[in-house]
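The residues making up each chain are set out below.
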Amino acid sequence: MIKHKHTNKLISETSPYLLQHAHNPVNWYAWNDETLELAQKENKLILISIGYAACHWCHVMEHESFEDVSVAAIMNKNFINIKVDREERPDVDQVYMNAVQLMTGSGGWPLNCIALPDGRPVWGGTYFTKENWISALKQIAKLYLENPEKMEEYATQLTAGIKQSDYIILNTLKKEYSINELNTSIEKWKDYIDMDLGGSTGAPKFPMPSNYQFLLKYAVQNNDEKIMDYVNTTLTNMAYGGLYDQIGGGFARYSVDAKWHIPHFEKMLYDNGQLISLYANAYLVTHNPLYKQVVFETTAFLERELMDKTGAFYSSLDADSKTEKGELEEGAFYVWKKEELKTILKGDFDLFSDYYNIKDSFKWENETYHLNRIETDDTILKKFNISQEELDKKVTSWKTTLLKTRAKKDRPRLDDKILTSWNALTLKGYIDAFRVFDNKHYLERALKIANFIDKVQYKSDGSLYRNYKNGKSSINAYLIDYATTIDAFISLYGVTLDEQWLNTAKKLTDYCFDHFYDDSSKMFFFTSDKDKQLITRKIETEDNVIPSSNSIMANNLFMLGHYFVNPTYLKNADQMLHNVKETVSKYAGGGSKWLDLYANYVSDFYEIAIVGKEAHQKLREINQKYIPNKIIVGSVTESKLPLLKYKYSENTTTIYVCIDGTCQLPVNDTKKALEQIKILIK
């Protein structure tokens, strides 16, 4: 057993990130009522340090400062030190990230914020060198001792700014949506996107699945070739670059350069779950085999590296892993030495090095290389005079061999907590993969995740847990957990026609109205009214790598409003969009999920009802077409769902194409139904 010189209160936590700090000399506490009461009792400033297990710079700051006894002495003397896992407690992270952004103009992780004993922030930043950290702590401690009134005054002003920063006012102006306004939003957005390399302009480059999902929909619906080219450029370069694990599948969190070549090596479940959906939908539009390959390899990565025995998925893999010398180093698990590759691949090395750019210009660090693709298969085929079949066999063989070799290395550290919202995003990824590729394995996996959420994370009072670790569910779920789960369950109904998923989605939605709803703005708070209140109760509207909880909820209400012919849901979705319309139109990149909903108001939205014994077969046929502006409702027997009433016939399977409840003539042939939906049959 390893003997540790220091052990703090975090030793009793389950979060891998908090446990990483359990043997720091800093007297860390977890965020809870007892810790906050202690700060007030001792009248001490609170030092709140927020990060997550896969965060590289969090580890750097820990090593430089939090493992240093002299730094710890300053922290312990002057502060109540609280470590927060942002993935467990996004509510805490939101408040103090907002504070740091107001103070400094930027944010990131590690996030370090100092607050008064009552939790109101007074100072903060992200990563600090040891020297800068010590200097700042000493100055703040001195100011609090000598001039606490000044800090009190600043805290009051800053807290007011935090409360105001995302305050939503009910928009009572006339609701108007137009294709011209949507087009104008896209034109403004083009100033911030990289048409040549994909993604946003400059570096770093983050994969933004929600953005590309919407732009794919927009390009198809408006026959916009430039936007379609942009989406394909982005998806191709992401899949070719070092951002994508060329050997094992799956995407890293972001690329540090503008060409997608050099990744920040941590792998997050939420990225990969959403990217499975994106590449599946893009394949449905383009039939590009690269996109299919990405889906199959990324799901294989998830099942190999992140899958729990419950069928749900863990949160992330660290950027850092141990080198041969036993030192933690970013990307060590994924990079290769040239001589090592020559030994493994033998006569194939020249072809391999051209295919994956084992060249000086692609050198990583310490004479190692990270695999990237630039050339298309056609270029390689001509250069080496081989057939596509031969190349495919070689690439498969290389991946199999190198994956086995890599498995012998020290693996990146695993964050093995299971989060409801991230699993819901992954559930939707598997549903989309099944819908597009009709591979039963994907449906089996999807049902495993769905049943985990339904049976393990769903409480008897109708609420959800956010977290699951070591066989125990914990932490009251946030709006994002409800929103993503509702969305995924709606999608699961759309491929199974099993009404339990649709009914559960409705129950969860009604729970959100009871416990998250803000009647004054018609939006939803991020936290439940059952949660202990922080210094402010946030309403999240800006879409990021994960869309905002309110934009997902607005889309959910729109969908469920159609499924259940519920005017309250539909009216609320409309109002929510109306509230943010002006902001989103100015900065479309931060509102892509809102624009997804907007597009449904400026084009036909189809309700496709399939009833009869062959409903599942007809459903699969319809699902082979990309129709983003639809819901599908169906049954092989009589159903009480409003859109299916009086439509069932025992003798035939019928398809009804409707808009707002008004249906065209029923048809029995899928091709004729698709013609009614204005889909071009290829």
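Residues numbered from 1 in each chain as written. Predicted model: local features only at pLDDT ≥ 70, side-chain atom pairs only at ≥ 80, totals over all residues. Heavy atoms only, no water.

### Notes on the side chain of Asp245
Thought 1: Tracing the backbone shows Asp245 in the loop between α10 (225–240) and β6 (254–255).
Thought 2: Polar side-chain contacts of Asp245 include one of 2.8 Å to the side chain of Lys267. (Helix = DSSP H or I, 4+ residues; strand = E, 2+ residues; numbered from the N terminus. Polar contact = N/O pair within 3.5 Å; in protein donor to acceptor, adjacent residues only side chain to side chain.)

### A look at the sheet that holds strand β9 (residues 316–317)
Thought 1: Spatial ordering of the open sheet is given by β8-β9-β14, a layout of 3 strands whose pairing is antiparallel. Of all strands in the sheet, those with a lone pairing partner are β8 (267–268) and β14 (414–415), marking the two edges.
Thought 2: Sheet topology places β8 next to β9; 2 bridges connect them, and they run antiparallel. Its bridge partner lying in β9, Lys267 is registered against Leu317. (Pairing = 2+ DSSP bridges.)

### Regarding the state of the cysteines
Thought 1: Throughout the structure, instances matching the rule amount to 2 disulfides.
Thought 2: Residue Cys658 pairs covalently with Cys663 via a disulfide, S to S 2.0 Å. A torsion of 90 degrees about the S-S bond marks the disulfide between Cys658 and Cys663 as right-handed.
Thought 3: Residue classification places Cys663 among the partly exposed positions, given a relative accessible area of 34%.
Thought 4: Disulfide partners in the protein, listed by the sequence order of the bonded cysteines, are 1-2, 3-4.
Thought 5: Of all cysteine sulfurs in the structure, the one in Cys58 sits closest to Cys113, which takes part in no disulfide; the separation is 15 Å. (Disulfide = S-S within 2.5 Å. Buried < 20%, exposed > 50% of the residue type's maximum accessible area, 1.4 Å probe, protein only.)

### Points about the packing of aromatic side chains
The relation between two aromatic rings is expressed through the spacing of the ring centres and the mutual angle of the planes.
Thought 1: What the rule picks out here adds up to 44 aromatic pairs.
Thought 2: With a centroid separation of 6.2 Å and an interplanar angle of 80 degrees, the aromatic rings of Tyr52 and Trp109 are classed as edge-to-face. With Tyr52 in the loop between β2 (45–51) and α3 (56–66) and Trp109 in the loop between α5 (90–104) and β4 (111–115), this pair connects stretches of sequence that are 57 residues apart.
Thought 3: According to the relative accessible area criterion, Tyr52 is buried, its value standing at 3%.
Thought 4: Between Phe333 and Tyr334, the aromatic rings sit 5.2 Å apart at their centres with planes inclined by 90 degrees, giving edge-to-face as the arrangement.
Thought 5: When its relative accessible area of 5% is taken as the criterion, Tyr334 is described as buried.
Thought 6: Among the aromatic residues, those joined into a ring-pair cluster are Tyr283, Phe296, Phe313, Tyr430, Phe437 and Tyr442.
Thought 7: Here the guanidinium or amino end of Lys459 rests over the ring plane of Tyr465, the centre of that ring lying 4.4 Å away.
Thought 8: The residue whose ring lies beneath Lys647 is Tyr656, and the NZ or CZ to ring-centre distance is 5.4 Å. (Phe/Tyr/Trp six-rings, centres within 6.5 Å; stacked < 30°, edge-to-face > 60°. Lys NZ or Arg CZ within 6 Å of the ring centre and 35° of its normal.)

### Thoughts on the pattern of salt bridges
Thought 1: Considering all chains together, one arrives at 38 salt bridges under this definition.
Thought 2: The salt bridge involving Asp596 is made with Lys217; its shortest N-O contact spans 2.5 Å. Of this pair, Asp596 sits in helix α23 (residues 592–601) while Lys217 sits in helix α9 (residues 209–222), placing them 379 residues apart in sequence. The pair Asp596 / Lys217 is uniform in exposure class, with both members buried.
Thought 3: Two residues, Asp318 and Arg413, come together in a salt bridge whose shortest N-O distance is 3.1 Å. Within this pair, whereas Asp318 is found in the loop between β9 and β10 (320–322), its partner Arg413 is found in the loop between α16 (388–406) and β14, the two being separated by 95 residues in sequence.
Thought 4: Its relative accessible area of 1% is what places Asp318 among the buried residues.
Thought 5: Overlapping salt bridges, with partners in common, bring together Asp85, Glu87, Asp415 and Lys417 in one network. (Salt bridge = Lys/Arg side-chain N within 4 Å of Asp/Glu carboxyl O.)

### Here's the deal with the sheet that holds strand β23 (residues 662–663)
Thought 1: An order of β21-β20-β22-β23 is seen for the 4 strands of this open sheet, with the pairing classed as mixed. Only two strands of the sheet have a single neighbouring strand rather than two, namely β21 (630–635) and β23.
Thought 2: Across 2 bridges, strand β22 (residues 654–659) lies against β23 in antiparallel orientation. Along β23, the bridge assignment pairs Cys658 with Cys663.
Thought 3: Running at roughly 40 degrees to β21, helix α21 (residues 549–563) makes contact with β20 (606–611) and β21 of the sheet. (Contact = heavy atoms within 4.5 Å. Axes fitted to C-alpha atoms, helices over the stretch in contact; angles between N-to-C directions.)

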